[in-house]
Amino acid sequence: MQVTRRQFFRICAAGVGSSSLAALGFAPGEALAQVRAFKLARATETRNTCPYCSVGCGVLLYSLGDKSKNAHTEIIHIEGDPDHPVNRGTLCPKGAGLLDFVHSPNRLQTPEYRAPGGKEWTRISWDEALDRIAKLMKDDRDKNFVATNQDGATVNRWTTTGFLAASASSNETGYLTHKVVRSLGMLAFDNQARV
Amino acid sequence: MALQSLDIKARSATTTPSPDARANGAIPVAKLIDISKCIGCKACQVACMQWNDLRDEVGNNVGVYDNPMDLTDQSWTVMRFSEVEVQQGKLEWLIRKDGCMHCADPGCLKACPAPGAIVQYSNGIVDFHEEHCIGCGYCLTGCPFNIPRISKKDSKAYKCTLCSDRVAVGMEPACVKTCPTGAIVFGSKVDMIHHAEGRIVDLKERGYSNASLYDPQGVGGTHVMYVLQHADQPELYANLPKDPTISPLVGLWTGIAKPLMSLGIGLAVFAGFFHFVTAGPKEVEEEEEETD
């Protein structure tokens, strides 16, 4: 750019003039200090249990929207549940990072099936999966159920299938799981607390 | 009008006083970090990123537990692990949660030349307002704890806000809430000092005769305080300064250099104007004009 000496002086004068005006208070209005808006103000709060270890900490899931008909909810924040007797609001680093676990592209969201000897996993529906599990359990129980032992005493054992339940369940869920499993005669029964 | 907890005590590069008629009502808050209870799990680091919508790079293992190795624009708090032998043959693993100390006399705010980019609320929180930040990095010079970091992405300074948005609505900071061992606690500064006294009595009974509260008066006290087992040697804790003070360069810049410079600019304009009035515009000869 070609600037003559005279033009240079004019630019300087304009600069000094405008900055003086700004200094005299003609500058655009400046926002006063304000903290970041609280992002959970009207988010929906849902209680849940951390899915990781057997401690079973309570978590609060905060989601977008107020559950009205046209609002599609999405989890935006997760933190500890202060009312949960196990953790009283605290969370370990894994629990504190649950949001990224929920939104992970690698998260398994449907049951998958791989045929015996097969190499490919195929997605199946929950109905298909549960029907198949129920059918296989029934077949195995019909075949291997032991009603009495050698002495003729009633034992009602089913030892060929095991059940792995959630250690993070509440007392009530644990009670129900126990009743279902034991009433089938199943003996091998554990949870991920020992995995 | 701002909420009580948002009341402003000081703003950077602002000469007009902040409205503070109601400031007496605000209760100074503080975060107390009890180093003797910290297990270095880094839940606070994760909770901080989660709340403040930050995600740092995954990084590489460099052979120590520190991860990331330093504060960044995405990591406003990091655990610093120090292996020290205070007594011969007695290894101690001191884990300090590093981050902004929220000084009562903030060096960053004093050094900052951008109006309103750094604000101190009457509850003691020192907050950066990145929309006013010019990315000069003076806050780093002013900080006695080497905390602010300039983002490579947007060239603005970032640091811990003490979750000013949570505190403003009556909640505790995210790191405090998540801490599984209760090493981080939050409340009024008076209560935190009281809490620390109890911890210090306990530590002294366990043989840490130098246990004490770290609330350095060189920066007017801080709103993030530590309980140290070896308060006589704070350097053991990843070089925590023993007596932090604001760099004299800050006083030189804001107290002397800046007013002198402003005066110089004004004088130059005045001199130019009077020269123009008395001597008139400089006449440029036709030949000279053409050669330009």
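In this text the structure is predicted, and so the values were computed from the model without any measurement. (Residues numbered from 1 in each chain as written. Chains lettered and ligands numbered in written order. Predicted model: local features only at pLDDT ≥ 70, side-chain atom pairs only at ≥ 80, totals over all residues.)

Of regular secondary structure, chain A possesses 5 helices and 8 strands. Each helix (α) and strand (β) of chain A, taken in turn from the N terminus, gives the series α-β-β-β-α-α-β-β-α-β-β-α-β. For 195 residues, the compact-globule formula gives about 16 Å, and the C-alpha radius of gyration of chain A, at 32 Å, lies well above that figure. The C-alpha extent of chain A, read off along each of the three principal axes, is 115 × 45 × 35 Å. Each of the 195 residues in chain A was classed as buried or not, and the buried ones make up 10%. (Helix = DSSP H or I, 4+ residues; strand = E, 2+ residues; numbered from the N terminus. Rg over C-alpha atoms; globule rule 2.2 N^0.38 Å. Buried ≥ 20, exposed ≤ 12 C-beta atoms within 10 Å, placed from the backbone.)

Residues and elements named next belong to chain A. Strands sit in the order S6-S7-S8 across an open sheet of 3 strands; the sheet is mixed. At either margin of the open sheet sits one strand with a lone partner, and together these are strand S6 (146-148) and strand S8 (186-191). Recorded for the sheet is a direction-independent mean angle of 25° between the axes of neighbouring strands. Relative to strand S7 (residues 154-165), S6 runs antiparallel, the two being bridged by 2 bridges. (Pairing = 2+ DSSP bridges. Axes fitted to C-alpha atoms, helices over the stretch in contact; angles between N-to-C directions.)

Moving on, we get to the interface of chain B and chain A. Where interface size is quoted, it is often the accessible area lost as the parts come together. On the chain A side, the residues contacting the 26 residues of chain B number 21 residues. Looking at the side of chain B that touches chain A, the elements that each hand over two or more residues are strand S1 (8-11), helix H1 (43-52), helix H4 (164-168) and helix H5 (174-178) of chain B. When grouped by side-chain class, the residues that make up the side of chain B that touches chain A number 15 nonpolar, 5 polar and 6 charged. (Contact = placed C-beta atoms within 7 Å. Nonpolar A, V, L, I, M, F, W, Y, C, P; charged D, E, K, R; others polar.)

A few words now on the domain arrangement of chain B. Residue and element names in this part refer to chain B. Assigned domains of chain B: these are domain 1 (4-246) and domain 2 (249-291). Once you take the C-alpha centre of each, domain 1 and domain 2 turn out to be 45 Å apart. Taken together, the contact between domain 1 and domain 2 spans 6 residues of the former and 4 residues of the latter. Those elements that place two or more of their residues in the side of domain 1 that touches domain 2 are helix H2 (107-111) and helix H3 (138-142). Ranked by the residues each element gives to the side of domain 1 that touches domain 2, the list is headed by H2, at 3 residues. (Domains from an automatic or database assignment.)

Backbone hydrogen bonds hold the strands of a sheet together, and the pairing may be parallel or antiparallel. All names here are of chain B. In space, the 4 strands of this open sheet follow the order S9-S2-S11-S10, with mixed pairing throughout. Both edges of this open sheet fall to strand S9 (184-188) and strand S10 (212-214), since each of them pairs with a single strand only. Here the average twist between neighbouring strands, direction ignored, is 25°. When strand S2 (residues 29-34) meets S9, the two strands line up antiparallel, connected through 5 bridges. Looking at the pairing, Lys31 lines up with Phe186 of S9. Sheet contacts for helix H6 (residues 189-205): S2, S9, S10 and strand S11 (224-228); angle to S9, the most-contacted strand, approximately 135°.

With that out of the way, let us pick up the environment of A:Ile76. Inspection of the secondary structure puts A:Ile76 in strand S3 (residues 75-80). Note: C-alpha distance between A:Ile76 and A:Tyr62 (14 residues apart in sequence) is 5.8 Å.

Next up on the list: the pairing of strand S2 (residues 58-63) of chain A. All names here are of chain A. Here 6 bridges tie strand S1 (residues 44-49) to S2, and the two strands are oriented antiparallel to one another. What sits directly across from Thr46, in S2, is Leu61. Here S2 pairs with S3 via 5 bridges, running antiparallel. Each bridged residue has a counterpart across the sheet, and for Leu60 the counterpart in S3 is Glu79.

What follows deals with the environment of A:Gln7. Positionally, A:Gln7 belongs in helix H1 (residues 5-26). According to the C-beta neighbour criterion, A:Gln7 is exposed, with 12 such atoms within 10 Å.

A few words on the nonpolar core. All names here are of chain B. One finds Ile35, Ala47 and Ile118 to be the most contacted residues of the largest nonpolar core, which totals 85 residues. For this core, the leading source of residues is H1, giving 7 residues. Setting aside residues up to four positions removed in sequence, Ile118 forms contacts with Ser12, Cys108, Leu109, Cys112, Val126, Phe128 and Cys139. (Core = buried A, V, L, I, M, F, W, Y, C linked by C-beta atoms within 7 Å.)

Another aspect to go through is H6(B). Residue and element names in this part refer to chain B. Counted at 1.5 Å a residue, the expected span for H6 with its 17 residues is 24 Å, and the 25 Å between its end C-alpha atoms agrees. The complete set of buried residues in H6 reads Lys189, Met192, Ala196, Ile200 and Leu203. Down the axis of H6, the sector holding all buried residues measures 80°, keeping them to one side. Opposite the buried face of H6, by more than 90 degrees, sit the exposed residues Val190, His194, Gly198, Val201 and Glu205. Those residues of H6 that are buried are in contact with S2, S9, S10 and S11. Of the residues trailing H6, Gly207 is marked for its positive phi of about 100°. (Expected span 1.5 Å × (residues − 1). Arc of directions from axis to C-beta.)

What follows covers H1(B). Counting buried positions along H1(B) gives 9 out of 10 residues, so the element sits mostly inside the fold. Taken residue by residue, H1(B) has B:Ala43, B:Cys44, B:Gln45, B:Val46, B:Ala47, B:Cys48, B:Met49, B:Gln50 and B:Trp51 as its buried positions. The inward-facing, buried residues of H1(B) contact helix H2 (93-96) and helix H3 (98-102) of chain A together with strand S3 (78-87), strand S4 (90-98), H5 and S9 of chain B. Backbone geometry just downstream of H1(B) places B:Asp53 in the positive-phi region, at approximately 55°.

Residue and element names in this part refer to chain B. The share of residues in chain B with pLDDT of 70 or more is 93%, and the mean pLDDT across the chain is 91. Mean pLDDT per element in chain B: helix H8 (residues 286-291) is the minimum at 62, and S11 is the maximum at 98. Counting interchain partners and residues more than four positions distant, the pLDDT-below-50 stretch residues 1-5 has 11 contacts. Both scores are given for the predicted complex: the pTM is 0.83, the ipTM 0.83. (pLDDT = per-residue confidence, 0-100.)

Residue and element names in this part refer to chain B. Asn67 connects to Pro68 through a cis peptide bond whose omega is -5°. Tracing the backbone shows Pro68 in the loop between H1 and S3. Positive phi, close to 50°, is recorded for Ala13, a residue that is not glycine. The topology assignment puts Ala13 in the loop between S1 and S2. Positive phi is not limited to glycine here, since Cys163 has a value of about 45°. Residue classification places Cys163 among the buried positions, given that 26 C-beta atoms sit within 10 Å.

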